[in-house]
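Commentary on secondary and tertiary structure
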Amino acid sequence: MDEEMHYGIAGGIMVPHPPLIIPEVGRGEEREIHATIDAYERAAQFAVSLQPDTYIISSPHTVLYADYFHISPGAEAEGDFGRFRAGNVRLRAEYDTKLRDELCLLAGQAGLPAGTKGERDASLDHGTLIPLYFLERALYGSRREDQKPLRILRIGLSGLTLADHYRLGQLVTEAAEHLHRRIVWIASGDLSHKLLESGPYGYAKEGPVYDERIMEVMGSGSFTGLFDFDDAFCDAAAECGHRSFTEMAGALDGLSVTARKLSHEGPFGVGYGVCTFLAGSRDPERECLRIWQQRKEQEIREGRKREDPYVQLARASVESFVRQKRVLPLAEAGSRMPCGAVPPDMLRSRAGVFVSIHEQGRLRGCIGTISAVQDNIAEEIIHNGISASTQDPRFAPIEERELPYLEISVDVLGPAEHIASAAELDVKRYGVIVTKGSRRGLLLPNLEGVDTVERQIRIARQKAGIRDFEDGVSLERFEVVRHQ
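Residues numbered from 1 in each chain as written. Predicted model: local features only at pLDDT ≥ 70, side-chain atom pairs only at ≥ 80, totals over all residues. Heavy atoms only, no water.

**A few points about the overall build of the chain**
Along the backbone of the chain there are 14 helices and 18 strands. Relative to its length of 484 residues, the chain is compact, with a C-alpha radius of gyration of 25 Å against a globular reference of 23 Å. Dimensions of the chain along its principal axes, counting C-alpha atoms only, are 75 × 50 × 35 Å. By residue count, 55% of the 484 residues in the chain fall in the buried class. The contacts in the chain between residues at least 6 apart in sequence include a share of 76% that link residues at least 24 apart. Between the centroid of the 58 positive side chains of the chain and the centroid of its 73 negative side chains there is a distance of 2 Å. (Helix = DSSP H or I, 4+ residues; strand = E, 2+ residues; numbered from the N terminus. Rg over C-alpha atoms; globule rule 2.2 N^0.38 Å. Buried < 20%, exposed > 50% of the residue type's maximum accessible area, 1.4 Å probe, protein only. Contact = heavy atoms within 4.5 Å. Lys, Arg positive; Asp, Glu negative; His and termini not counted. Charge placed at Lys NZ, Arg CZ, Asp CG, Glu CD.)

Below, the structure written as structure tokens:
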């Protein structure tokens, strides 16, 4: 390594966290993943050779919130492998409190929800312990009770967008530069958990595809590709490390990167990938989020040219309310729509309408009406667009910075008809309404990931609060005209 040390991020490693990789846990079973163990040891040696002041460890198994990044509080923490029958293997780490405070300050200034709130169990999770185990072995050789604990910053993931995870990584490097810290990022995360029917989580066709794609992206250091994985695909593949990898990529933003793929295997049905990343000089062509956002904005601009008036009106309503906090008057709607006017059929007809909003392939809001409550379909779209963007209880209200990246669809519901049994349903053609007493749940047709009638009904029951064992449930079906 050059004698001249630079501050900020020096590099990173991508590593898995199967507990059985620890010999005291695996008890011989770890031999089945010897390629991963060999690669892990080389990656840990690489990480310590960069001589960081602090290791950043992003873990999927520390505190996780839907709308907040948790950064571990306190001065230190410890943990063991007791839940994996190896309580004698215990590790301790010190937290870089100054770096944490600086990161929290920068996140607050950037409007990114991150901080130390909410931790109830301060012990280290296995997504952190396993990298620590290998780092300590690389640094000290055989473990000793009196060895100095490593200094780390432990960061969690969230349900926020991949762009937000990348932005958090950028802020970590900025904080390190402010404090003249040299950091190395340890991105802890397994790949797909759905590689084999015989595995603990079964098989999904998306599993092997995810592993192939993510290893191509990470093995080449082509981090822009991280944003091309949508939530539905990642969920189907049952991955756990994607957001961890994205945070690390953000920390390396704007730097040339030498990436090396060390190993990839999945003999137990879970993918384990190991890569190393050496940070180089400044390179504007490596500002991956900016480049992806420019590309995405162009794609959406092109897509908007193909939007029909239903979607145009929903978008105009959402943008008007998010920017100006006002309901778009129907009289003004035409001037906000590329087509120039609200079509007469939207003013003459009444129907239930659902407005669905996605961002980066991730559902961002979906609210609608089963039957008409407004004077016409146009008003139904305007009001349900506002509700979907600001009142869906599953999500925080959409912010103005998100508007360029929203993908919007509008479903106009046909009349519902009672059916005698689930045999009269077709998930591609019909939506379903499940009713018991005053409880009523609806699910639209032709939704990604909903490929059986049984799953469609189960989700509709859950939305209504009707438990699986409750009988006396009535079913209705309906068709929709989808505008997207």
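And the narrative resumes.
**Some thoughts on helix α6 (residues 206-220)**
End to end, α6 covers 21 Å across 15 residues, agreeing with the expected 21 Å (1.5 Å per residue, within 8%). For α6, the complete set of buried residues consists of E206, G207, Y210, D211, I214, M215, V217, M218 and G219. The inward-facing, buried residues of α6 contact β1 (8-15), α7 (231-237), α8 (242-251), β9 (255-265) and β10 (272-282). At the C-terminal side of α6, G221 shows a positive phi close to 70°. (Expected span 1.5 Å × (residues − 1).)

**Observations regarding the environment of I155**
Along the polypeptide, I155 turns up in strand β7 (residues 150-155). In this structure, I155 is in contact with I56, I57, S58, S59, T62, H70, L103, L168, V172, W185 and E247, ignoring residues within four places of it in sequence.

**A word on the pairing of strand β16 (residues 439-443)**
Across five bridges, strand β15 (residues 431-436) lies against β16 in antiparallel orientation. Looking at β16, one finds that K436 is bridged to R439. In this structure, the hairpin formed by β15 and β16 is closed by a connection of two residues, where G437 is found at a positive phi of approximately 65°. (Pairing = 2+ DSSP bridges.)

**Here's the deal with helix α13 (residues 377-390)**
Over its 14 residues, α13 extends 20 Å from the first C-alpha to the last, a length consistent with the 20 Å expected when each residue adds 1.5 Å. The buried count for α13 comes to twelve of 14 residues, which makes it a mostly enclosed element. Turning to α13, the residues buried within the fold contact α10 (309-324), α11 (330-336), α12 (344-348), β11 (353-359), β12 (362-368) and β13 (406-413). Backbone nitrogen of A378 and a side-chain oxygen of the N-cap are separated by 3.2 Å at the start of α13; the cap is N376. (Polar contact = N/O pair within 3.5 Å; in protein donor to acceptor, adjacent residues only side chain to side chain.)

**Structural notes on the packing of aromatic side chains**
Taken as a whole and assessed by the stated rule, the structure comprises eleven aromatic pairs. Arranged with centres 6.4 Å apart and planes meeting at 50°, the rings of F81 and F84 form a pair that is tilted. Both residues of the pair, F81 and F84, belong to the buried class. Ring centres of F229 and F233 lie 6.2 Å apart, and the angle between their planes is 45°; on these two criteria the pair is classed as tilted. For F229, a relative accessible area of 1% puts it in the buried group. Residue class for F233 comes out buried when judged on its relative accessible area of 15%. A connected cluster of aromatic rings, assembled from ring pairs, spans Y166, F227, W292 and Y405. Sitting over the ring of F229, R213 keeps its end group 4.0 Å from the ring centre. Here R477 stacks its cationic end above the ring of Y430, 4.2 Å away from the centre of that ring. (Phe/Tyr/Trp six-rings, centres within 6.5 Å; stacked < 30°, edge-to-face > 60°. Lys NZ or Arg CZ within 6 Å of the ring centre and 35° of its normal.)

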